[in-house]
Amino acid sequence: MATREDVARLAGVSGATVARVFSNSSNVSVKTTAKVLDAARFLEYAPNFYGRALRGKSPKQLLVYSPELFNPFFVQVFYGIDDYARERGYQVSLTRNFSRSDIQQRRFEGVVCCIYDPNEFLKEAQFLDQHGVPFAFLNSLTSAFDSEDGSQVGFQHGSAVDMNWEQGAYILTDYLRLLGHEEMLMIVDTAKLEGDKKWRGARECAEEKGLRLTSMNLEPLPGKIENPYEYGYLMSYRISRVRPLPTAVICCSDPIAIGLICGLVQQRIRVPEDISVAGFDDSLQSAYTNPPLTTVHSPKYQIGQMLAQTLIATLRSEDVSPLPLEPRLIIRQSTAPRRSKDVFIP
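Engineer: When you look at unusual backbone geometry in this model, what are you seeing that I'm missing?
Structural biologist: Along the chain, arginine 243 connects to proline 244 via a cis peptide bond; the corresponding omega equals -5°. The step from valine 271 to proline 272 runs through a cis peptide bond, and the omega angle for that step is 10°. Examined against the element boundaries, proline 272 turns out to sit in the loop between helix H11 (254–266) and strand E9 (276–278). We note that arginine 268 has phi near 65°; this positive angle belongs to a residue other than glycine. Structurally, arginine 268 is set in the loop between H11 and E9. On the basis of relative accessibility, which here comes to 68%, the residue arginine 268 falls in the exposed class. With phi around 60°, aspartate 282 is a residue other than glycine that occupies positive phi space.

See the structure below:
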């Protein structure tokens, strides 16, 4: 097993410099840090965090809180977090459950929250802020946190990473318009519709282009949808009762779109001949559905990296101003020009 001294010899630095790199000291240059990390990877060296703990030095631990791991979007986000953090000497723990005792015991230096709607993380965020624990989160809303009375909640220790969801929804809606669709339906999974960036982007396009856009969700909306595929499947039965049948449906995520297509096909409603269906996020499964799913690509791995970068920069008292990550349209076979006549549903 390689030792700290082995890494130091290979990198051409002192053992103390290796120790400073793995303790994330700001007194080591970027070039030297890279040399040490390259040598450590080559030798498969890992610092003894248990030994450091016995010497009174807390290990560099980050917690990733991701209650929605059933959504493949967050699995790929986690890959980006984990890779970025480990390359910089941090250990990463993943959980679906938020433990207040772990936070109070200071087991983690910081927390990354992987959840689509930050308002579902409000109580946990307030707890972290009260205990001085830095955290980073993905912001999908125009207003990240709203209290029960509708006022904004600010945080001293929280940092947001933005994805330009509005632009993605806008370009998807406009693409469907170019296919001739003038009346569209959007399936959402949030009760706070007005703050949702995807809805706002789609609605902005509809208003500018003179389209009719309506929203639909399950009422009452489940708290945390454990199976988004089932959510989409159930929505297919509500949509099949709409008259006239919409010619295009935008889903707020790919799993919902995949479940929707499955339900529509079982009711003998063809996709895309009768209804065009589009998703959001470009999950791994979206290219292999039948038909392959038109969707908006979200740079999930890069989102994870930026979440980790934002949190680690906060821990090191460094300045970081992440730019909004840009989406792009992926056109596949689940969308087609508007049908010329109404569909008969037996």
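What follows continues from the structure just given.
Engineer: It is not clear to me how the packing of aromatic side chains should be interpreted in this structure. Could you clarify?
Structural biologist: To describe a pair of aromatic rings, one takes the distance between the centres and the angle between the planes. Enumeration over the complete set of coordinates arrives at seven aromatic pairs. Relative to phenylalanine 127, the ring of phenylalanine 98 lies with its centre 6.3 Å away and its plane at 90°, an arrangement referred to as edge-to-face. Here phenylalanine 98 is found in the loop between strand E2 (91–95) and helix H6 (100–104), whereas its partner phenylalanine 127 is found in helix H7 (residues 122–130), with 29 residues between them in sequence. In this structure, phenylalanine 98 and phenylalanine 127 share a single accessibility class: buried. The aromatic ring of tyrosine 84 is capped on one face by arginine 88, whose charged end is 3.6 Å from the ring centroid.

Engineer: Help me out: how do you make sense of the sheet that holds E2 in this one?
Structural biologist: The strands making up a sheet are joined through hydrogen bonds of the backbone, oriented either antiparallel or parallel. The five strands are arranged E2-E1-E3-E4-E5 in an open sheet whose pairing can be described as parallel. Each edge of the open sheet is held by one strand with a lone partner, namely E2 and strand E5 (158–162). Neighbour-to-neighbour, the strand axes of this sheet turn through a mean angle of 25°, independent of strand direction. Docked against the sheet, helix H5 (residues 72–87) engages strand E1 (61–65), E2, strand E3 (110–113) and strand E4 (135–139), running at close to 160° with respect to E2.

Cut-offs used in this document
- Residues numbered from 1 in each chain as written.
- Predicted model: local features only at pLDDT ≥ 70, side-chain atom pairs only at ≥ 80, totals over all residues.
- Heavy atoms only, no water.
- Helix = DSSP H or I, 4+ residues; strand = E, 2+ residues; numbered from the N terminus.
- Buried < 20%, exposed > 50% of the residue type's maximum accessible area, 1.4 Å probe, protein only.
- Phe/Tyr/Trp six-rings, centres within 6.5 Å; stacked < 30°, edge-to-face > 60°.
- Lys NZ or Arg CZ within 6 Å of the ring centre and 35° of its normal.
- Pairing = 2+ DSSP bridges.
- Axes fitted to C-alpha atoms, helices over the stretch in contact; angles between N-to-C directions.
- Contact = heavy atoms within 4.5 Å.

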